[in-house]
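Okay, here's what each chain looks like letter by letter:
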Amino acid sequence: ALQSVCMDEHIAVIQQKLQLWTQDPRRGLVAITGDRGSGKNVLMIKLEKALEGQTIHAPAPVGHTQPDQALKWLAGIANVAEPKTTEDLIQSLKKMPPTVFLLSNLNRLFLRAVGHYQGLDSILEVMQATGRHHFWVGSFHEPAWTFLQGMNHVGHVNIFSHQIHLSGMSPAD
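Residues numbered from 1 in each chain as written. Predicted model: local features only at pLDDT ≥ 70, side-chain atom pairs only at ≥ 80, totals over all residues. Heavy atoms only, no water.

Peer 1: Would you mind going over the overall build of the protein in detail, with residue names and values included?
Peer 2: Scanning the protein from terminus to terminus reveals 6 helices and 5 strands. Helices (α) and strands (β) of the protein occur, in sequence order from the N terminus, as α-β-α-β-α-α-β-α-β-α-β. Its C-alpha radius of gyration of 15 Å places the protein within 12% of the 16 Å reference for a compact globule of 173 residues. Each principal axis of the C-alpha distribution contributes one length, and for the protein these read about 50 × 40 × 25 Å. (Helix = DSSP H or I, 4+ residues; strand = E, 2+ residues; numbered from the N terminus. Rg over C-alpha atoms; globule rule 2.2 N^0.38 Å.)

Peer 1: Please provide a residue-by-residue account of the sheet that holds strand β2 (residues 55-59), values included.
Peer 2: The strands that make up a sheet pair up through hydrogen bonds in the backbone, lying either parallel or antiparallel. Spatial ordering of the open sheet is given by β2-β3-β4-β1-β5, a layout of 5 strands whose pairing is parallel. If you trace the sheet from one side to the other, it starts and ends with β2 and β5 (162-166), each paired once. Going across the sheet, the axis of each strand differs from the next one's by a mean of 15°, ignoring polarity. Of the strand pairs in this sheet, strand β1 (residues 29-34) and β5 are connected by 5 bridges, and their pairing is parallel. By the bridge assignment for β5, I32 is matched with I164. Contacts from helix α6 (residues 142-149) reach β1, β4 (135-141) and β5 within the one sheet, and its direction differs from that of β4 by about 105°. (Pairing = 2+ DSSP bridges. Axes fitted to C-alpha atoms, helices over the stretch in contact; angles between N-to-C directions. Contact = heavy atoms within 4.5 Å.)

Peer 1: An account of the nonpolar core is needed here, citing residue identities and associated values.
Peer 2: One finds M127 and F160 to be the most contacted residues of the largest nonpolar core, which totals 35 residues. Among the secondary structure elements, those contributing two or more residues to this core are β1, β2, α3 (67-78), α4 (86-94), β3 (100-104), α5 (118-129), β4 and α6. No other element matches the 6 residues that α3 contributes to this core. Beyond its immediate sequence surroundings of up to four residues, F160 is in contact with L29, V30, A31, L124, M127, G138, F140 and W145. (Core = buried A, V, L, I, M, F, W, Y, C linked by side-chain atoms within 4.5 Å. Buried < 20%, exposed > 50% of the residue type's maximum accessible area, 1.4 Å probe, protein only.)

Peer 1: Give a description of helix α2 (residues 40-50) that names residues and reports values.
Peer 2: K40, V42, L43, M44 and L47 are the residues of α2 that are buried. Buried residues along α2 sit in contact with α1 (8-23), β1, β2, β3, β4 and β5.

Peer 1: I'd like a rundown of the pairing of β3, residues and numbers included.
Peer 2: The element β3 is largely enclosed, with a buried count of 5 among its 5 residues. The alternating pattern of β3 places V100, L102 and S104 on one face and F101 and L103 on the opposite face, and all of these are buried. Inspection of the sheet shows β2 paired to β3 by 5 bridges, in the parallel sense. For A58, the partnering residue across the bridge sits in β3 and is L103. Of the strand pairs in this sheet, β3 and β4 are connected by 4 bridges, and their pairing is parallel. Residue pairing for β4: L103 is matched across the bridge by G138.

Peer 1: Which residues make up the environment of L74, and what are the values?
Peer 2: Structurally, L74 can be placed in helix α3. Separated by 48 residues in the primary sequence, L74 and S122 place their C-alpha atoms 10 Å from one another.

Peer 1: Describe unusual backbone geometry, naming the residues involved and giving the relevant values.
Peer 2: One non-glycine residue, N79, adopts positive backbone phi at about 60°. With respect to the secondary-structure elements, N79 resides in the loop between α3 and α4.

Peer 1: Account for the packing of aromatic side chains, naming residues and giving values.
Peer 2: As enumerated under the stated definition, the model contains 6 aromatic pairs in all. Measuring from centroid to centroid gives 4.3 Å for F101 and W136, while their planes differ by 15°, and the two rings are stacked. Taken together, the residues F101 in strand β3 and W136 in strand β4 connect sequence positions 35 residues apart. The class of W136 is buried, set by a relative accessible area of 0%. (Phe/Tyr/Trp six-rings, centres within 6.5 Å; stacked < 30°, edge-to-face > 60°.)

Peer 1: How would you explain the packing of α4 against α5 if you had to name every residue and give the values?
Peer 2: In a pair of packed helices, the angle between the axes and the distance between the axes together describe the arrangement. Two elements in contact, α4 and α5, have axes whose closest approach is 10 Å; the angle formed by their N-to-C orientations is 35°. Between α4 and α5 the crossing geometry is right-handed. Of α5, the residues touching α4 (which contributes T86, L89, I90, L93 and K94) are S122, E125, V126 and A129. Along the lines of polarity and charge, the residues of the contact of α4 with α5 split into 5 nonpolar, 2 polar and 2 charged. (Left-handed = near helix turned anticlockwise from the far one by under 90°. Nonpolar A, V, L, I, M, F, W, Y, C, P; charged D, E, K, R; others polar.)

What follows is the structure, given as structure tokens:
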């Protein structure tokens with residue numbers, strides 16, 4: 001049923017952000033937030049079809065909370081060499097043609113436990129370092145996003161220049 005929900009307004013905003021990014025590449029990071037069942041994955045699927053240019057869409061795997069796991073995942077979906085370090089992946093991604101990356105469920109890359117934020121942090125570092133070359137859209141579960149916004153030393157979600165929040169649906173929807 002969610003597939004039929006109209007996402008045109010959100011798609012138009014992201015298309016506009018992508019257009020602005022082509023003119024000023026400092027604005028290339030967009031976050032989509034919302035509770036479970038709010039349509040984040042539906043929006044990502046519709047974005048994949050609506051955005052022009054090379055696009056890669058991938059959901060984050062569960063449990064990749066360590067940097068080596070998270071970096072290997074991102075390298076795999078980008079089809080670049082497996083990195084030894086974050087810098088290796090950044091350099092490989094910068095050699096690719098400009099691409100729109102749609103990364104769903106980035107909240108899966110951390111656990112609320114000591115030492116289990118580095119996977120997310122390493123991916124956010126790569127996204128920020130390549131944000132002038134690639135356009136990044138990431139989705140987060142709303143409670144995880146809110147939690148990360150309150151943390152100063154991990155999960156630096158302030159790298160996103162724009163946030164689109166998908167609010168709960170009406171009973172009719």
